[in-house]
Amino acid sequence: MPVANYEQYCEMLEKAREGRYAYPAINVTSTSTVNAAIKAFADAKSDGIIQVSTGGGKFASGQGVGDMALGAISLAQHVHLVAEKYDILVALHTDHCHPQYIESFLLPLIEETEKRRAKGLPNLFNSHMFDGSELPLDKNMALSKDLLERCAKSQIILEVETGVVGGEEDGVNNEDTPADKLYTTSEEMVQVAETLGPVGTFMYAATFGNVHGVYKPGNVKLRPEILKNGQEAVTSKLGEKNKHYLVFHGGSGSELSEIHETLDYGVIKMNIDTDTQYAYTRPVVDHMMKN
Ligand SMILES: [Zn+2]
């Protein structure tokens, strides 16, 4: 099927929240990892999300070019071509865009979709993440709001983040983050809903002790009740329709029971990067060694 359009993507998210499940959002860096992810969705008879990080985009453009937006565009075009061959829905997303990459990553990708829509073509990406979690909340929300206003005009969903996901990913190291910053507060979750709810459709990476990278089960102090309390604060103040679409980052190494618990609190997208990097590279190494 063609890559999901806005209505289909919204329906995917709504069904997931109602049905208490989350889509796998797989980070890709090459056409072969795209192909593997989509085949796995199809084998599981599941719709899914393919996502590209700034580092993944840069890698995909090749060392001689090193353009993170160009590499992401290239991978997205590949997804548009191969997704047609499968009978599941695929949505396209970009991962963490920190404030310093707005100009070189996020804006060129939004512009690409704007250009395509002006010609009557479908969006290149369905959604993008802006990660302003390193900024003070007011500044983060002001930037998120501006970006969502622009995205909404082109039926692009924006993912935002408050709090900090611990660990290390894509060269961003949050291993020394003070523990209290790893947990979003209910007040923050309400403020995000109040600021962005009237502007457009968005997803939200609220942090609850989640950490990027692989950790032995039990090493990560996940507190899913943070999400529960936050969603309750949002719905009691703003009503059920303002309940967040939550995103779970850094799930590698988490207990299945904890992952399941977060689904009850509105997690509809679960990012998977480290685990699939291992799933991809280990058999390659194994084959090389054996043969
Ligand atoms: Zn993440």
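Structure shown above.
Residues numbered from 1 in each chain as written. Predicted model: local features only at pLDDT ≥ 70, side-chain atom pairs only at ≥ 80, totals over all residues.

Visitor: Is there a simple way to think about helix 4 (residues 68-83) in this case?
Guide: Each α-helix turn comprises 3.6 residues. Residues three or four places apart therefore point the same way. With 16 residues, helix 4 should cover 22 Å at 1.5 Å per step; its first-to-last C-alpha distance of 22 Å lies within 8% of that length. Along helix 4, the positions that sit buried rather than exposed are Met68, Ala69, Gly71, Ala72, Ile73, Leu75, Ala76, Val79 and Ala83. For helix 4, the secondary structure elements touched by its buried residues are helix 2 (31-43), strand 2 (48-52), helix 3 (54-61), strand 3 (90-94) and helix 5 (102-118). (Helix = DSSP H or I, 4+ residues; strand = E, 2+ residues; numbered from the N terminus. Expected span 1.5 Å × (residues − 1). Buried ≥ 20, exposed ≤ 12 C-beta atoms within 10 Å, placed from the backbone. Contact = placed C-beta atoms within 7 Å.)

Visitor: Sorry if this is basic, but what is going on with unusual backbone geometry here?
Guide: Positive phi is not limited to glycine here, since lysine 45 has a value of about 55°. Structurally, the position occupied by lysine 45 is in the loop between helix 2 and strand 2. Positive phi values are uncommon outside glycine, yet glutamine 155 reaches one of about 55°. For glutamine 155, the location among the structural elements is in the loop between helix 6 (137-153) and strand 5 (157-162). The exposure class assigned to glutamine 155 is partly exposed, which follows from the 19 C-beta atoms found within 10 Å.

Visitor: Could you clarify how one ought to interpret the nonpolar core in this entry?
Guide: A general tendency of soluble globular proteins is for nonpolar side chains to be buried together. If you look at the biggest cluster of nonpolar residues, it comprises 71 residues, and the most contacted ones within it are Val90 and Tyr204. At eight residues, helix 4 tops the list of elements feeding residues into this core. With sequence-adjacent residues up to four places away left out, valine 90 is seen in contact with Val3, Ala4, Ile38, Phe41, Gly48, Ile50, Val79 and Ala83. (Core = buried A, V, L, I, M, F, W, Y, C linked by C-beta atoms within 7 Å.)

Visitor: Quick question: what am I supposed to make of the packing of helix 7 (residues 186-196) against helix 8 (residues 225-238) here?
Guide: How two helices pack is summed up by the angle between their axes together with the distance between the axes. The contact between helix 7 and helix 8 brings their axes to 8 Å, and the two run at 45°. Here helix 7 is positioned oblique relative to helix 8, judged by the angle of their axes. Our pair here, helix 7 against helix 8, has a crossing hand that is right-handed. Note on element contacts: helix 8 touches helix 7 through Asn229, Gly230, Ala233, Val234, Lys237 and Leu238, opposite Ser186, Met189, Val190, Ala193 and Glu194. Along the lines of polarity and charge, the residues of the contact of helix 7 with helix 8 split into six nonpolar, three polar and two charged. (Axes fitted to C-alpha atoms, helices over the stretch in contact; angles between N-to-C directions. Parallel < 35°, antiparallel > 145°, perpendicular 65-115°, else oblique. Left-handed = near helix turned anticlockwise from the far one by under 90°. Nonpolar A, V, L, I, M, F, W, Y, C, P; charged D, E, K, R; others polar.)

Visitor: I'm lost on the environment of histidine 244 in this one. Help?
Guide: Residue placement: histidine 244 occurs in the loop between helix 8 and strand 10 (245-248). Given 26 C-beta atoms within a 10 Å radius, histidine 244 is considered buried. On a C-alpha basis, the gap between histidine 244 and tyrosine 204 in space is 6.7 Å, while along the polypeptide they are 40 residues apart. Setting aside residues up to four positions removed in sequence, histidine 244 forms contacts with Met189, Ala193, Tyr204, Gln231, Val234 and Gly266.

Visitor: Sorry if this is basic, but what is going on with the packing of helix 3 against helix 4 here?
Guide: As a packed pair, helix 3 and helix 4 sit with axes 6 Å apart at the nearest point and diverge in direction by 80°. As judged from the angle between their axes, helix 3 and helix 4 are roughly perpendicular. Between helix 3 and helix 4, the contacting residues are Thr54, Gly57, Lys58, Phe59, Ala60 and Ser61 on the first element and Met68, Ala69, Leu70, Gly71, Ala72, Ser74 and Leu75 on the second. Among the residues making up the contact of helix 3 with helix 4, the classes are represented as seven nonpolar, five polar and one charged.

Fair warning: the whole summary comes from geometry, so function is off the table for now.
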